[in-house]
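Chain residues, written in single-letter form:
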Amino acid sequence: MTDPDVKLFFDDAINLAVGQKRHVTKRGDGIVESILTSDWRFIMTPEEPVHISNILRICLHFNDSGLGFRLLPPDGRSGLRVQGWGTYLPGGRGKATTWRVYDP
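As the structure is a prediction and not an experimental result, all values here were calculated from the model.

*Asks:* I would appreciate a short explanation of unusual backbone geometry in the present structure.
*Replies:* With the exception of glycine, the majority of residues adopt a negative phi angle, and the majority of peptide bonds are in the trans configuration. Following Pro73, the chain continues into Pro74 via a peptide bond in cis, with omega recorded as 10 degrees. Counting through the fold element by element, Pro74 comes out in the loop between strand E8 (67-72) and strand E9 (78-83). If you check the backbone angles, Trp40 has positive phi at about 65 degrees while not being a glycine. For Trp40, the position within the fold is in the loop between strand E4 (28-37) and strand E5 (42-43).

Printed below as a string of structure tokens:
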């Protein structure tokens, strides 16, 4: 099970895109594999970056055996709990956006 205390911190001005590397505390470096946007687009290929305020969920692939939730096509609203993956959703806003583990 994924540690519920793991959090991502991103600057509110950041744009994210598939293929970018992001560091997750207590987990390590992960690659953005998919993004679910606020207008329900499920992005799985490198395109224009998406502003952080327009992201509902972000799915990362890690080079580890940690268990996490992986969003699946076609719409990114369903998924599986598998090793090496983690999905995160925005939490509170403040000086920087805090993200938390998504584990339905």
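*Asks:* Just checking my understanding: could you explain the side chain of Arg22 for this structure?
*Replies:* Take Arg22: it is sitting in strand E3 (residues 21-24). Look at Arg22: it is buried, it has no salt bridge, and the nearest opposite charge is Asp29 at 9.3 Å. Of note is the side chain of Arg22, whose polar atom sits 3.3 Å from the side chain of Gln20.

About the cut-offs
Each chain has its residues counted from 1, following the order in which its sequence is written. Where local features are concerned, this predicted model is filtered to residues with pLDDT of at least 70; where side-chain atom pairs are given and counted, the filter is 80 or more; whole-chain, interface and lining totals use all residues. With hydrogens and water excluded, all non-hydrogen atoms of the structure serve as input to the side-chain values. Think of it this way: any DSSP run of H or I at least four residues long counts as a helix, any run of E at least two long counts as a strand, and we number them from the N terminus. For every residue, the accessible area obtained with a 1.4 Å probe (protein chains only) is divided by the maximum for its type, and the residue is called buried under 20%, exposed over 50%, and partly exposed between those limits. Think of it this way: Lys and Arg go in the positive column, Asp and Glu in the negative one, and His and the chain ends go nowhere. The salt bridge definition used is simple: a Lys or Arg side-chain nitrogen within 4 Å of an Asp or Glu carboxyl oxygen. Counting of polar contacts relies on pairs of N or O atoms within 3.5 Å, with two restrictions inside protein: one atom must be capable of donating a hydrogen and the other of accepting it, and residues adjacent in sequence are counted only when both atoms are side-chain atoms.

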